[in-house]
Amino acid sequence: MSVFPKETIKNIGESLGVAHLKDEVASALAQDVEYRVHELIQEATKFMRHSKRSKLHVDDINAALCVKNVEPLYGYTCGETPLFRKTLVNGNEVYFAEDEEVDFETILSKPLPKIPLDTSFTAHWLAIEGVQPAIPQNPTPNDAKADLLTKRAKPSAAIHTMSAEVDVKPLVKHVLSKELQMYFERITEAVSSTDERLQSQAFESLRMDPGLHQLLPYFVQHIHKKVTQNHKQLEVLESMLSMSHALLNNKHLFVEPYLHQLIPPILSCLVGKSICESPSEDHWTTRHRAASLMTLICHQFGNAYHTLQPRITKSLLRALLDPARPLTTHYGAMIGLDQLGVQVTRVLVAPHIKFYAETCLRTALASSSPIRKMEALKCRDALMTVMERIALHATTSATSATSATEEQKHLFLEAVGEVLGQSFLEKHTTQQSLEAVMEACT
């Protein structure tokens, strides 16, 4: 005995144009329909369970029909359960879905719906270096509270007009975890300590740790603050330069957004008037270290920022050519330009060697003050290094070296000046070296 009665099969057959269906045929079809329905429900139940649901949907039935290679049912959705009404057809009860009656006059009198917007997308930053940018796409908790208060308060039209004209950007707080705060305190204390082993461990941690993105702006700010407050304490400046070097060598950090804050402290250590308490202290080594660090920045980020090296060289050249600046500043500018390469010194430094030697070095070398005389000797040695590198760069490609004549030496002294020319001729007497330096200086 089938769940589907044979009368139902006969009614369906009559609706399809098959009349006078025999009882035996109707019973056989009813049993086959029951088997097919059971099979379909089993397949649909599998899709329901794989979807982690406890309610069977129309999509599950359609998926089961597709598995059985049967065309799915159209016009049915997973909405509310349809309502069925009962009627009598030839003395048999038939259930049908009740359709809603629609009034055409009501539909025609309604306004047209809005045109749907085209599908589009926009990209924006969720966070940059751990900080959420203050843009409309990223609402902050303060914005949500402000909107809620605005809706409750219902301000007047005048206040609305005034607030619409003012664009207020909310402040974004950068929240650090307790672990990062403790790490920052420990590192800053270790960097400033007198224990060399503790300092080296701190610098190694800054150089290798990959999880310092959120602390990078705080480290840069710490370096800037320490250099500004301790511009005459050589040990503090040395530790800050080591800290900057470690951060720049950390491959996991994105340092580019903070270069404009990191370069000024390094320049201060390079061309500062006085970076130590006593002139007898070895501040020359600190200036050399700052120059090498500035060269590292130019070589590492110069390709991405084309104006970086020109701006630095312009600042150094301005410090070198200012006669009112002290000799210590001139020395820092010389070694800074020298470490940027031979092409930089050939174009920027060499044409001004004679003028600088005659106006600044001559009087300083003849000074009675031993400190000023020592500073002048340092500047002379720095310019000698510049000239020697220019000569070495030119003589490396020469096949043979010939000695310079007296006339060539005389021309060299006129081009370079007596102050530096005599010292250079004591070490270099080849024709190629003198011609390379003269060509750069004229």
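This text goes with the structure placed above it.
Residues numbered from 1 in each chain as written. Predicted model: local features only at pLDDT ≥ 70, side-chain atom pairs only at ≥ 80, totals over all residues. Heavy atoms only, no water.

S.K.: In this structure, what is going on with the side chain of arginine 287? I would like to understand it.
M.R.: In this fold, arginine 287 is placed in helix 12 (residues 283-301). Within the buried core, arginine 287 has no salt-bridge partner, and the shortest N-O distance to an opposite charge, that of glutamate 375, equals 7.4 Å. For arginine 287, the side chain forms a polar contact with the main-chain oxygen of leucine 270, separated by 2.9 Å. Dropping the residues within four chain positions of it, arginine 287 is found in contact with Cys269, Leu270, Val271, Gly272, Lys273, Ser274, Ile275, Thr328, Tyr331 and Ile335. (Helix = DSSP H or I, 4+ residues; strand = E, 2+ residues; numbered from the N terminus. Buried < 20%, exposed > 50% of the residue type's maximum accessible area, 1.4 Å probe, protein only. Lys, Arg positive; Asp, Glu negative; His and termini not counted. Salt bridge = Lys/Arg side-chain N within 4 Å of Asp/Glu carboxyl O. Polar contact = N/O pair within 3.5 Å; in protein donor to acceptor, adjacent residues only side chain to side chain. Contact = heavy atoms within 4.5 Å.)

S.K.: Hey, could you run me through the nonpolar core in this one?
M.R.: Grouped burial of nonpolar side chains is what soluble globular proteins tend to show. Formed by 90 residues in total, the largest nonpolar core has its most connected members in Ile353, Tyr356, Leu361, Phe412 and Leu420. In this structure phenylalanine 412 touches Met387, Gly417, Gly421, Phe424, Leu425, Leu434, Val437 and Met438, once residues within four positions along its chain are discounted. (Core = buried A, V, L, I, M, F, W, Y, C linked by side-chain atoms within 4.5 Å.)

S.K.: What exactly am I supposed to notice about the pattern of salt bridges here?
M.R.: Oppositely charged side chains may form a pair once their charged atoms are brought near each other. All told, the structure shown has 15 salt bridges when counted by the stated rule. Lysine 86 is paired through a salt bridge with glutamate 93; the nearest N and O atoms lie 3.8 Å apart. Residue glutamate 93 is classed as partly exposed on the basis of its relative accessible area, which comes to 49%. Note that arginine 389 is salt-bridged to aspartate 338, the shortest N-O span being 3.2 Å. Here aspartate 338 lies in helix 14 (residues 327-339) and arginine 389 lies in helix 17 (residues 370-395), a separation of 51 residues in the sequence. A relative accessible area of 10% places aspartate 338 in the buried class. Taken together, the shared-partner salt bridges connect Asp32, Arg36, Glu39 and Lys68 into one network.

Interpretation note: all reported values are geometric properties and have no functional meaning in isolation.
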